[in-house]
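For reference, the chains in residue letters:
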Amino acid sequence: MTLQHISTRRIAFVRVTGPFGLGNARAMSDIKQWASGRGLLQDGAVLCGVPRDDPSATPPDECRYDAAIVVSDDLELDGAVGDGNLRGGPYAAFDVPHTTEGVGAAWSSILDEIETRGLVVDDEPIFEMYTSELLARHLCQLWVPLRQEHPHRSRNSMATRSKASLASTITQ
């Protein structure tokens, strides 16, 4: 785990709704095709997978997943993709083997490591990051948004998810 701080980043995304799994791969293929047609899949391109819902609290048919690419603020988007942002701020970043098993194992252990360090997960979505450099090493990253613990705040739903719930986010 490394601690990172990023500025808010604009994303273009393709959203799928339904059980996490095959639809996620289809959405990633669609955003890559869209980005490739606009010359955006150069070295340095950052692709993200953003599960928007907790599958232990949201019916599978209502779970949303965004396959996204980081784009410049001045890029004009067409109606084929959504326009959004990844929140800027502190994150815990984890290098993870880019396999179903590797990602599933990481989802089941990241909260323990964050908690051990006395950090608290924020309410923003955890996201997967893919770059050509990471993929060349057969890795991806999980980025977990962090916040400072405040005694008067209760822990949020992302921080209190069960390990099994987190693992199912990617492996379903």
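One can find the structure itself at the top, above this paragraph.
Residues numbered from 1 in each chain as written. Predicted model: local features only at pLDDT ≥ 70, side-chain atom pairs only at ≥ 80, totals over all residues. Heavy atoms only, no water.

(A) Up close: helix H2 (residues 100-116). Over its 17 residues, H2 extends 25 Å from the first C-alpha to the last, a length consistent with the 24 Å expected when each residue adds 1.5 Å. At Ser109, H2 is deflected by roughly 35 degrees, the largest bend along its length. Here H2 has its buried residues at Gly102, Val103, Gly104, Ala106, Trp107, Ile110, Leu111 and Ile114. One or two positions beyond H2, positive phi appears at Gly118, with a value near 75 degrees. (Helix = DSSP H or I, 4+ residues; strand = E, 2+ residues; numbered from the N terminus. Expected span 1.5 Å × (residues − 1). Bend = angle between axes of the 7 residues up to and from the residue. Buried < 20%, exposed > 50% of the residue type's maximum accessible area, 1.4 Å probe, protein only.)

(B) Just the environment of Ser56, in detail. Within the fold, Ser56 resides in the loop between strand S3 (46-51) and strand S4 (64-70). Given the relative accessible area of 53%, Ser56 is considered exposed. At 2.8 Å, the side chain of Ser56 and the side chain of Asp54 are in polar contact. (Polar contact = N/O pair within 3.5 Å; in protein donor to acceptor, adjacent residues only side chain to side chain.)

(C) Structural detail: the nonpolar core. Within the largest apolar cluster, 33 residues are counted, with the highest numbers of intra-cluster contacts made by Ile31, Ile69, Phe94, Ile110 and Val144. Sorting the residues of this core by element identifies strand S2 (9-17), helix H1 (22-36), S4, strand S6 (89-97), H2 and strand S9 (139-147) as the ones contributing at least two each. Once residues lying within four places of it in the same chain are set aside, the contact partners of Ile31 are Ala12, Phe13, Val14, Leu47, Ala67, Ala68, Ile69 and Val81. Counting 13 residues, the second largest nonpolar core, distinct from the first, contains Ile11, Val46, Cys48 and Ala93. (Core = buried A, V, L, I, M, F, W, Y, C linked by side-chain atoms within 4.5 Å. Contact = heavy atoms within 4.5 Å.)

Treat this as a map of the structure, not an account of what it does.
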